[in-house]
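So the chains spell out like this:
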Amino acid sequence: MAEEVSNKQVILKNYVTGYPKESDMEIKNVTIKLKVPEGSNDVVVKNLYLSCDPYMRSRMRKIEGSYVESFAPGSPITGYGVAKVLESGDPKFQKGDLVWGMTGWEEYSIITPTQTLFKIHDKDVPLSYYTGILGMPGMTAYAGFHEVCSPKKGETVFVSAASGAVGQLVGQFAKMLGCYVVGSAGSKEKVDLLKSKFGFDEAFNYKEEQDLSAALKRYFPDGIDIYFENVGGKMLDAVLVNMKLYGRIAVCGMISQYNLEQTEGVHNLFCLITKRIRMEGFLVFDYYHLYPKYLEMVIPQIKAGKVVYVEDVAHGLESAPTALVGLFSGRNIGKQVVMVSRE
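Keep in mind it's a predicted model, so treat the numbers as computed, not measured.

Undergrad: I tried to follow the domain arrangement of the protein chain on my own but got confused; where do I start?
TA: Much of the literature gives interface size as the accessible area that the parts lose upon coming together. Domains assigned within the protein chain are domain 1 (2–131 + 309–337) and domain 2 (134–283). The gap between the C-alpha centroids of domain 1 and domain 2 is 29 Å. The contact between domain 1 and domain 2 buries some 1900 Å² in all, and 64% of this surface belongs to carbon and sulfur atoms. When the buried surface of domain 1 facing domain 2 is broken down by residue, Y309, V310 and I333 rank first, second and third, together holding 28% of it. Taken together, the residues that form the side of domain 1 that touches domain 2 break down as 15 nonpolar, 6 polar and 4 charged.

Given below as structure tokens:
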């Protein structure tokens, strides 16, 4: 008989309007059999770390025709995580393997590996890094900057939401290439972090700027070559008028718009024509084939201390709703992670 154990879960109660609240989610206890369903190639895992990511907000509403499905009210939330394989029906994974990929917000999950599951080979770095720098956010920064933006040494780079999971890496990758890098963030603490820890040339608190366009002109008197877009709205409008001819904008996210029922318009799009700007949205899924190449580049840099990563770790599955909601008020410093179990 398969072992049946208690399984704590984070459940989405109903679809969310406006800013998400902790009360939109609930902690529930169920039981689960730690057994692969007969004849399936599923994998049973024990979840160790869960990733809180801004894109998860869009899954809390009823969406159709998007690249991801809505969460199902009454069911566990799903997202990226790090887990240990307890039993596998898939020959690619063995009992005891450590993996990262899509999993449930619960203590134990049964995963169909086709949902992008990666085996973890290098364990000389913190396991939680596979929710961040060595997982989806890291690949997002790498693909968005190097593949979408086609950067060149000496170019000027602006990163919004720069202290977050993706932004902190984009800035460091740009510095490694010899670019001039400025980031924006929402507090003095985060601005200081960008300059002292991540090596940004300059940084500013967007909440303290009356005129974002003037702020950008101050830091980029000759204009911006590359903008890594994480926030949208007023910031995008201000950037457009400060771009250089033939500038590139990689659209990764638009966190300022996720909780609005009526999203804001962008008024300076004519700049795309006059400045011959290339603005391209992208999804990290399209670049996962480059993951081995990315690891080859970044792991030696991490071990040599040339790339640093800051995490904000919440402890226990019960803390997950607070951690996720905190993303939208800027409560987290760095990559928000939830530690479910040490193993």
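Undergrad: Is there a simple way to think about the sheet that holds strand β9 (residues 180–185) in this case?
TA: Strand pairing in a sheet relies on backbone hydrogen bonds. The paired strands run either parallel or antiparallel. Taken together, 6 strands build an open sheet; the order of strands is β10-β9-β8-β11-β12-β13 and the sheet is parallel. Each having just a single partner strand, β10 (202–205) and β13 (278–281) make up the two edges of the open sheet. Looking at each pair of strands side by side, their axes are set apart by 15 degrees on average, direction ignored. Here 3 bridges tie strand β8 (residues 156–159) to strand β11 (residues 224–229), and the two strands are oriented parallel to one another. Bridge assignment links V159 to a residue of β11, and that residue is F228. The strands that helix α3 (residues 188–196) touches are β9 and β10; relative to β10, the one it contacts most, it runs at about 175 degrees.

Undergrad: Sorry if this is basic, but what is going on with the UniProt feature "binding site: NADP(+)" in the protein chain here?
TA: Residues given the UniProt feature "binding site: NADP(+)" here are A165, V166, G186, K190, Y206, N230, C252, Y258, F282, L283, V284 and N332. What stands out for the annotated residues spanning 168 residues is how far apart their C-alpha atoms range, the widest pair being 26.7 Å apart. Within the fold, K190 resides in helix α3. Aside from chain neighbours lying at most four places away, what touches K190 is S163, A185, G330, N332 and I333. Locating F282 in the fold gives a position in the loop between β13 and α7 (291–303). Among all residues touching F282, those that are not within four sequence positions of it are T140, G144, V148, F228, A250, V251, C252 and Y287.

Undergrad: Can you walk me through the packing of helix α1 (residues 136–148) against helix α2 (residues 167–176) in this structure?
TA: The description of two packed helices rests on the angle between their axes and on the distance between the axes. Relative orientation of the contacting elements α1 and α2 amounts to 45 degrees, with a least axis distance of 9 Å. Overall, the two elements α1 and α2 adopt an arrangement that is oblique. You can see that α1 and α2 cross each other, and the crossing is right-handed. On α2, the residues touching P137, G138, A141, Y142, F145 and H146 of α1 are L169, V170, F173 and A174.

What counts, and at which threshold
Residues numbered from 1 in each chain as written. Predicted model: local features only at pLDDT ≥ 70, side-chain atom pairs only at ≥ 80, totals over all residues. Heavy atoms only, no water. Domains from an automatic or database assignment. Buried area = accessible area lost by both parts, 1.4 Å probe. Nonpolar A, V, L, I, M, F, W, Y, C, P; charged D, E, K, R; others polar. Pairing = 2+ DSSP bridges. Helix = DSSP H or I, 4+ residues; strand = E, 2+ residues; numbered from the N terminus. Axes fitted to C-alpha atoms, helices over the stretch in contact; angles between N-to-C directions. Contact = heavy atoms within 4.5 Å. UniProt positions renumbered as here; feature names shortened; annotations may be inferred. Parallel < 35°, antiparallel > 145°, perpendicular 65-115°, else oblique. Left-handed = near helix turned anticlockwise from the far one by under 90°.

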